[in-house]
Amino acid sequence: MAGVPSAQELSSLYDRTRAELDSPRPNHNSVKTQLSQLKVGLVKAALSNAQVELDPAFRLTKRSILEMGAEFSIKTGDIPAFERYIAQLETFYYESKHGLAESKVMYPLVGLNLLRMLSENQIADFHTTLERIDLAQLQSNPYIVHPVKLEQALMEGGYKKVWQARAEVPTPEYLFFMDILMATIRNEVASCVEKSYSSLPFADAKTVLFFTSMDELLKFAQEHQWSVSPSEKRITFPSTAENTRMFQGESIMKQTLTYARELERIV
Amino acid sequence: MSSTENAAMEVEATAEQKQAESHLARNVKFLERGIAAAEVHYTHRALRTIFSLRKRLQSDVLAEMIATHASKSNSQSVADCLQHAAESLGQKHVVGPATKVCEPEVCLFLCLLVQLYHLDHNEHERGAKLSDVLVGAALGLQRRTLDPIVSRVIFYYSRFFEVAGRLADARPMLLKALQTATLMNMKETKAMVLTLLLRNFLNYKLYDQAERLAAKSSFPTDAPNNLLARYLYYMGRIEAVQLNYSQAQMHLLEATRKAPSTPATAGFQQTVHKIYVIVELLMGNIPERSLFRTPVLKKPLQPYFELAQAVRVGDLSQFQDVVSRYQDQFLKDQVLILIQRLRHNVIKAGIRSISVAYSRISLRDICLKLHLDSEEDAEYIVAKAIRDGVIDATIDHEKGFVKSAEVHNVYGTSDPQHAFDKRITFCLGLYNESVKSMRYPGGDHRKELAYADEAIKRERELAQEIENEEYDSDSDAMDDAMDEDL
């Protein structure tokens, strides 16, 4: 695009992209190119006229463009792009909302971001973001309540609840992150199971690990080096050796030397 | 009638005025002596008297002091400050006869008093405007002896904005102040600005920004204790939100120790202890009951006491009950979200007590006791607890029960060793710190020096006399005199 696009050009391009995205079978490549054009247009407009940022219409367009970008990146499964869009949207969502009315997709997007952090095990960021959300929304808004309940269930270890929560997602976009989350907690459950059971029959192992077929179970068992006995149809878990009785010579030496040095310093 | 009343009032006022004026004059003298000797403790002495002065400040007394000092000042910014101060008081600014040079320290001190006056009389707008001018001028002056006064000026600057609800606007000036303070090596100002910035961020719940600020900047280690206590408290709160519980506990404990234990600090102690109790609960330790019984903390910490009880017993329904009952209180203390995280600890405590009490218990019974939803839930939760090391047990899936492992001798492991190690390092650290902070009595030291000075002077005179005598021909009398001296 040559020259600086005006606000009307930007919003008309935005409307076209929106229509394309909402159509039954959107062409992802064309949407992608249009999005990048929009982004370049935003930057050019801001560079040419610093005051344009204060124009509410421009800000509304900018926010809508960013939100559309976030939705699109979920549809194509591009997680880093989703993170970038959300980071840019943060200024619009918290603190001063820049005088704009609350966006309809704000809470779904915030909820999606929370879920993304859960699936990547970034618990500290999860809690920091949680602090910034209004308390009333935390308790009533279904988009936010869902990730919060999930996090509590994960902390307690109620993985069955997580599995059941798959059916209760507020929007279909949540399913994308739920699948990633299931893979994460499958590993968690595996490590729990190793420590707590001495052996498990096949059928039980399948349900415990949320598998749907025997082959997946066997492959998983092989990856984790569990001993499988097809005759009895059981999986036996290796017992962890008791290392606590071993003499930890090095640490004891270090500690005693420190004591000696400090004691010598006492006048 | 009114005129005589007015006259009578004026006479009374002047008597008080005289007293206040004499106090102010004494403080000004302290400050000037401090500048002359380049020693900081004179400034501190003057600043300490502010507390008693605060109650007796009157606008006309202040205006008069300003007028006498505004006559001949070194720089334009100082004169500006004094002018603004006088205008904000609503008094006319009259430049008196040229008595003496007004040092910036004295000027800032007077303006600080004006700030206090505004704060006490709830004139926030005027105070905010004056503080703006003051901070700008103070940062421009860049004199190290201004350090303690500037730090207090900045504190009241931030306070005015906070009271007016415009705390975010104070941020740019605070950041600039941080830059200047670091460059000029003004330690007390730097400590104060860092603390104020953290408070600013926490007010708006910008925890990651606050954390980044704390990580990138270094808090001066020899800052006064009250600033250090506040800084540690803010650090503890940030770390508690970011799940860094062990660090948070350390910082909060230090904060309680550094803060002076006078009645004036009761509010601070209460706030710090509230967060400390919650961090302890989140770490899985139950705080001691004696903590809740100290008279200062007894009433404010009552909800937290009941919370600790619910966590200790491990009863989820009791926990929910306490949370819903005291919800407003927790909301006010901004800890509600931290308390939501305690649910997991309640269950953990419950599982632990069950595992200790029973050698074998069916999953169904666990489910009933902990008020869980289903047996499968209970199974998962117990498995996770085993993995986390909360309990030592095995699950038998077919028969559906949990079997606790036998309790082995704790002294056989290396746990006592680690516990002893921690305590020994703490005691050694305490010893080293107290050695470092030893002070020697200054008086004798100086007397010795004076004595040494005199001795050197006498010897020099003696040597000179000897030199002079050598040129003199008739030295018999002098020889006798010399022998006498020696």
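For every chain, the first residue of the written sequence is number 1, and numbering continues from 1 along that sequence. Labels follow written order: the first chain is A, the first ligand is 1, and so on. Owing to the predicted nature of the model, reporting of local features is limited to residues with pLDDT of at least 70; listing and counting of side-chain atom pairs is limited to 80 or more, with chain, interface and lining totals taken over all residues. Derived side-chain values reflect all non-hydrogen atoms in the structure, with water molecules and hydrogen atoms excluded from consideration.

As annotated in an unreviewed UniProt entry, chain B carries the name 26S proteasome non-ATPase regulatory subunit and is attributed to Coemansia aciculifera. UniProt positions are given in the numbering used here, feature names are shortened, and annotations may be inferred rather than shown by experiment. In UniProt, chain B has this text filed under Sequence similarities (unreviewed entry): "Belongs to the proteasome subunit S3 family."

Where an unreviewed UniProt entry is consulted, chain A appears under the name Regulatory particle non-ATPase, with the organism given as Coemansia aciculifera.

Caption draft 1: Here's a closer look at the overall build of chain A. Summing up its helical and strand segments, chain A has 13 helices and 3 strands in all. With 267 residues in all, chain A has 42% of them scored as buried. Here, two residues are considered to be in contact whenever any of their heavy atoms come within 4.5 Å of each other. At a minimum sequence separation of 6, the contacts of chain A that also span at least 24 residues come to 59%. For chain A, the exposed area adds up to about 14,400 Å²; of that, 55% sits on carbon and sulfur atoms. In this text, helices come from DSSP runs of H or I with a minimum length of four residues, and strands from runs of E with a minimum of two, each type numbered from the N-terminal end. Residue burial is assigned from relative accessible area. The probe radius is 1.4 Å, only protein chains are included, and a residue is buried under 20% of its type maximum, exposed over 50%, and partly exposed in between. Accessible surface is estimated by sampling points in the Shrake-Rupley manner with a 1.4 Å probe; for residues, cover comes only from the protein chains shown.

Caption draft 2: Molecular detail of the pairing of strand E4 (residues 393-396) of chain B. Residue and element names in this part refer to chain B. Every second residue of E4 is oriented toward a common face, the buried set being Ala393 and Ile395 and the non-buried set Thr394 and Asp396. Pairing of E4 with strand E5 (residues 401-404), which is carried by 4 bridges, proceeds in the antiparallel orientation. What sits directly across from Ile395, in E5, is Val402. Here, strands pair whenever DSSP counts at least two bridges between them.

Caption draft 3: Structural view of the interface of chain A and chain B. Across the contact, 42 residues belong to chain A and 40 residues belong to chain B. Reported buried area values correspond to the accessible surface (1.4 Å probe) lost by two parts on association, with both partners' losses combined. Taken together, both faces of the contact between chain A and chain B bury some 4,000 Å²; the carbon and sulfur share is 55%. The largest contributions to the chain A side of the interface with chain B come from Glu131(A), Glu156(A) and Tyr197(A), which together make up 17% of the buried area. Between Arg387(B) and Glu188(A) there is a salt bridge; the shortest N-O distance is 3.1 Å. Identification of polar contacts relies on pairs of N or O atoms within 3.5 Å, with a donor-acceptor requirement for protein atoms, meaning one able to donate a hydrogen and the other able to accept it, and with residues adjacent in sequence counted only if both atoms are side-chain atoms. Where chain A touches chain B, the interface holds 8 residue pairs in polar contact (both at pLDDT 80 or more). Looking at the side of chain A that touches chain B, the elements with two or more residues in it are helix H6 (123-132), helix H7 (135-140), helix H8 (142-156), helix H9 (159-165), helix H10 (173-196), strand E1 (199-201), helix H11 (202-208) and helix H13 (249-265) of chain A. It is H6(A) that contributes the most residues to the side of chain A that touches chain B, 7 residues altogether. Polar here means any residue other than Ala, Val, Leu, Ile, Met, Phe, Trp, Tyr, Cys and Pro, which are nonpolar, and Asp, Glu, Lys and Arg, which are charged; Gly is therefore polar. When its residues are assigned to classes, the side of chain A that touches chain B shows 19 nonpolar, 11 polar and 12 charged. For this document, the term salt bridge refers to a Lys or Arg side-chain nitrogen within 4 Å of an Asp or Glu carboxyl oxygen.

Caption draft 4: Just helix H3 (residues 56-76) of chain A, in detail. With 21 residues, H3(A) should reach 30 Å at 1.5 Å per residue; the first-to-last C-alpha distance of 30 Å fits that figure. H3(A) sits mainly inside the fold: 15 of its 21 residues count as buried. Working rule for helices: expected span equals 1.5 Å times residues minus one.

Caption draft 5: Representation of the sheet that holds E1(A). All names here are of chain A. Spatially, the 3 strands line up as an open sheet ordered E1-E3-E2, and their pairing is antiparallel. Edge positions in the sheet fall to E1 and strand E2 (227-229), since each of these pairs with one other strand and no more. Averaged over all neighbouring strand pairs, the angle between strand axes comes to 20°, with direction disregarded. Taken together, the 3 bridges between E2 and strand E3 (residues 234-236) define a ladder with antiparallel strand orientation. Across the sheet, the residue bridging to Val228 is Ile235, located in E3. The angle between two axes is taken between their N-to-C directions and runs from 0 to 180 degrees, where each axis is a line fitted to C-alpha atoms and a helix contributes only its stretch in contact.

Caption draft 6: Local environment of the nonpolar core. Among the nonpolar cores identified, the biggest contains 192 residues, and Leu209(A), Phe319(B) and Ile339(B) are the most heavily contacted of them. Sequence-distant contacts of Leu209(A), that is, excluding residues within four places in its chain, are made with Arg186(A), Val189(A), Ala190(A), Leu217(A), Phe220(A) and Trp226(A). Nine residue types can take part in a nonpolar core, namely buried Ala, Val, Leu, Ile, Met, Phe, Trp, Tyr and Cys, and a core is a set of them joined through side-chain atoms within 4.5 Å.

Caption draft 7: Representation of the packing of helix H14 (residues 266-283) of chain B against helix H16 (residues 302-313) of chain B within the structure. Residue and element names in this part refer to chain B. Axis separation between H14 and H16 bottoms out at 11 Å; the angle between their running directions is 5°. Our classification of the angle between H14 and H16 gives roughly parallel. Facing Lys274, Val277, Ile278 and Leu281 of H14, the residues of H16 in contact are Tyr304, Ala308 and Val311. When the residues that make up the contact of H14 with H16 are grouped by side-chain class, the tally is 6 nonpolar, no polar and 1 charged. In what follows, roughly perpendicular refers to angles from 65 to 115 degrees, roughly parallel to angles under 35, roughly antiparallel to angles over 145, and oblique to any angle outside these ranges.

Caption draft 8: Up close: the packing of helix H5 (residues 106-119) of chain A against H10(A). All names here are of chain A. At their nearest, the axes of H5 and H10 sit 9 Å apart, and the two run at 15° to each other. In terms of axis orientation, H5 runs roughly parallel to H10. In terms of crossing hand, the pair formed by H5 and H10 is left-handed. Across from Pro108, Gly111, Leu112, Leu115, Arg116, Leu118 and Ser119 in H5, the residues of H10 making contact are Glu173, Tyr174, Phe177, Met178, Ile180, Leu181 and Thr184. Residue classes in the contact of H5 with H10 are distributed as 9 nonpolar, 3 polar and 2 charged. Note on convention: the crossing is left-handed when the near helix lies turned anticlockwise from the far helix by less than a right angle, right-handed when the turn is clockwise.

Caption draft 9: Just a positive patch on the surface, in detail. Residue and element names in this part refer to chain B. A grouping of Lys29, Arg33, Arg45 and Arg48 is seen on the molecular surface, where their side chains present a positively charged patch. For the positive patch, the secondary structure elements donating two or more residues are helix H1 (2-37) and helix H2 (40-48). Here Lys29 lies in helix H1. For patch building, the residue pool is restricted to those with more than 30% relative accessible area and no salt bridge; the joining distance is 9 Å between like charges and 5 Å between nonpolar side chains (Val, Leu, Ile, Met, Phe, Trp, Tyr). Positive charges come from Lys and Arg alone, negative charges from Asp and Glu alone, with His and the N- and C-terminal ends not counted. Every charge is mapped onto a representative atom, which is NZ of Lys, CZ of Arg, CG of Asp or CD of Glu.

Caption draft 10: Quick look at the sheet that holds E5(B). Residues and elements named next belong to chain B. The 3 strands lie next to each other as E3-E5-E4, forming an open sheet whose pairing is antiparallel. Every interior strand has two partners, whereas the edge strands, strand E3 (360-362) and E4, have only one. Recorded for the sheet is a direction-independent mean angle of 20° between the axes of neighbouring strands. Both E3 and E5 contribute to a ladder of 3 bridges, which runs antiparallel. In the sheet register, Ile361 faces E5, and the bridge partner there is Val402.

Caption draft 11: Molecular detail of the packing of aromatic side chains. Two rings from Phe, Tyr or Trp (for Trp, the six-membered ring) form a pair when their centres sit within 6.5 Å of each other. Planes less than 30 degrees apart are called stacked, planes more than 60 degrees apart edge-to-face, and all others tilted. By the definition in use, this model includes 10 aromatic pairs over all chains. Centroid distance Phe155(B) to Tyr156(B): 5.2 Å. Interplanar angle 70°. Geometry classified as edge-to-face. Phe155(B) sits in the partly exposed class, given a relative accessible area of 26%. Tyr156(B) sits in the buried class, given a relative accessible area of 13%. Pairing Phe219(B) with Tyr231(B) gives two aromatic rings, centres 3.9 Å apart and planes at 10°, and the pair type is stacked. Of the two residues, Phe219(B) is situated in the loop between helix H11 (207-216) and helix H12 (225-241) and Tyr231(B) in helix H12; the sequence distance between them amounts to 12 residues. Neither residue differs from the other here; Phe219(B) and Tyr231(B) are each classed as buried. The structure contains a cluster of three or more aromatic residues connected by ring pairs, namely Phe82(A), Phe176(A) and Phe177(A).

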